[in-house]
Amino acid sequence: MTPQPTERPLRGIAMRITSATSFALMGALLKAASARGVSTPEMIFYRNGWALLVVATWLSLGPGWKAVRTRAPAAHLTRSAIGLVSMLLTFGALALLPLGEATALTYAAPIIATVLSAVFLKEQIGIRRWAAVAVGFAGVLLIAHPGNGGAPIGILVGVAAAFGQSAVMITVRQISRTEDVAAIVFWFTIFTTIAGAAMLPFFGSSHDRTTMLLLALAGLGGGIGQLSMTASLRYAPVSVVVPFDYLQIVWGITIGWLIFLTPATPLVFAGAALIAASGIYTAYRERARGKEPAEARSMPESS
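None of these values were measured; they are calculated from a predicted model.

Participant: Lay out the side chain of Ser166 with the relevant residues and their values.
Facilitator: Within the element layout of this structure, Ser166 appears in helix H7 (residues 152-175). Classification of Ser166 as buried rests on a relative accessible area of 0%. Ignoring anything within four residues of it in the chain, the contact list for Ser166 reads Ala109, Ile112, Ala113 and Leu116.

Participant: Tell me what's going on with the packing of helix H2 (residues 40-61) against helix H8 (residues 181-203), and back it up with residues and numbers.
Facilitator: Following both chains from N to C, one finds H2 and H8 inclined at 145 degrees, their axes separated by 7 Å at the closest point. Of the two elements, H2 crosses H8, and the hand of that crossing is left-handed. Across the contact of H2 with H8, the residue classes break down as 17 nonpolar, six polar and one charged.

Participant: Let's hear about the environment of Ile125: which residues, and what values?
Facilitator: In this fold, Ile125 is placed in the loop between helix H5 (109-120) and helix H6 (127-143). The buried category is assigned to Ile125, whose relative accessible area is 14%. Look past the residues within four positions of Ile125 in its chain and what remains in contact with it is Thr114, Ala118 and Trp130.

Participant: Residues and numbers for the confidence of the model for the protein chain, please.
Facilitator: For any part of a model where pLDDT is low, the fine detail of the predicted coordinates should not be relied upon. Here the protein chain averages 88 in pLDDT, while 91% of its residues score no lower than 70. Across the protein chain, the secondary-structure element scoring lowest on mean pLDDT is helix H10 (residues 238-241), at 78, and the one scoring highest is H2, at 95.

Participant: Tell me about the packing of aromatic side chains, and name the residues and values.
Facilitator: This structure, assessed with the given rule, holds four aromatic pairs. Seen in terms of ring centroids, Trp65 and Phe186 are 5.5 Å apart; in terms of plane orientation they differ by 85 degrees. Their pairing is edge-to-face. One end of the pair, Trp65, is in the loop between H2 and helix H3 (73-96); the other, Phe186, is in helix H8, and 121 residues separate them in sequence. For Phe186, a relative accessible area of 9% puts it in the buried group. Of the aromatic side chains, those joined through ring pairs into one cluster are Trp65, Phe186 and Trp187. The aromatic ring of Tyr235 is capped on one face by Arg11, whose charged end is 5.2 Å from the ring centroid. Between the NZ or CZ atom of Arg79 and the centre of the ring of Phe188, over which it lies, the distance is 4.2 Å.

The rules we used
- Starting from 1, residues in each chain are numbered consecutively following that chain's sequence as written.
- For a predicted model such as this one, the threshold for reporting local features is a pLDDT of at least 70, and the threshold for listing and counting side-chain atom pairs is 80 or more; totals across whole chains, interfaces and linings nevertheless cover every residue.
- Excluded from the side-chain calculations are hydrogens and water; all other atoms, namely the structure's heavy atoms, are used.
- Put simply, DSSP marks the helices as runs of H or I at least four residues long and the strands as runs of E at least two long, and each gets a number from the N terminus on.
- The rule is simple: take the accessible area with a 1.4 Å probe, protein chains only, and divide by the maximum for that residue type; under 20% is buried, over 50% is exposed, in between is partly exposed.
- The contact rule is simple, with two residues in contact once any of their heavy atoms fall within 4.5 Å.
- Only the contacting stretch of a helix is used when fitting its axis, a line to C-alpha atoms as for every element, and angles between N-to-C directions run 0 to 180 degrees.
- Crossing handedness is read from the near helix: turned anticlockwise from the far helix by less than a right angle, it gives a left-handed crossing, and turned clockwise, a right-handed one.
- Residue polarity follows a fixed list, in which Ala, Val, Leu, Ile, Met, Phe, Trp, Tyr, Cys and Pro are nonpolar, Asp, Glu, Lys and Arg are charged, and the others, Gly among them, are polar.
- Think of pLDDT as the predictor's per-residue confidence, scored from 0 to 100.
- Note on aromatic contacts: the rings of Phe and Tyr and the six-membered ring of Trp form a pair at centre separations within 6.5 Å, being stacked when their planes are under 30 degrees apart, edge-to-face when over 60 apart, and tilted otherwise.
- Here, a charge over a ring means that NZ of Lys or CZ of Arg falls within 6 Å of the ring centre while also lying within 35 degrees of the ring normal.

Put into structure tokens, the structure is as follows:
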């Protein structure tokens, strides 16, 4: 791993804000592309294909290509397959739901990951963390309330996406014990680009220049968001930077209102606040227990 330099909290926070903003803009661009006829498999290809350019540049200028060497190719394959399904669901939710609701549901993933850790990894979960989980699920129920106007199928896809991302977090937590984060990001991006390309003959179609520009900017934004998320931890502790991830919910609600003319309901605001509070507290408790939250370094399916 790259040695930890002298802490510079403000720089770390700035990078985390850049990450949240990049992911929010990426989500808005993909939603706009969806409205112009782009299918979810196409989003997979263009988002990851353009992000691969950012990742390759980062590897060349930063840690170097030796960082992508792996001792666990099968683990990368499993993590990438789960991640691909999660990304399909996440982008599907973006197409079906208002941007703010889709974004807020995404951030239920750390809460679900806590439950999965208890069930599958047999981790000990204290009463305070279980309380945080309960608060987070209450937030999900508020957002999924029928009166919010979201399409039922969209809500189902959004909740399924959160479960998929939580499964990714568990696999990332396991694979990061032996693999560098550069390898995790690189091989996932390679896998999803190839998988997206394989789906193009069945789901792809021609698009105008404006639509292609939206897709290119979305991919570049996703790559920048992922790398700035990772880089933030070189300058500040997890407990300092992770709360700023939840700015993505704020941006999603704001962009959805101003650009897509879909203002969030009071229940969505309340649900998003509960999810954010639960996620921030969960990250704090993970750090207090000497563990880095699984979403701290790499949460590409939200990107």
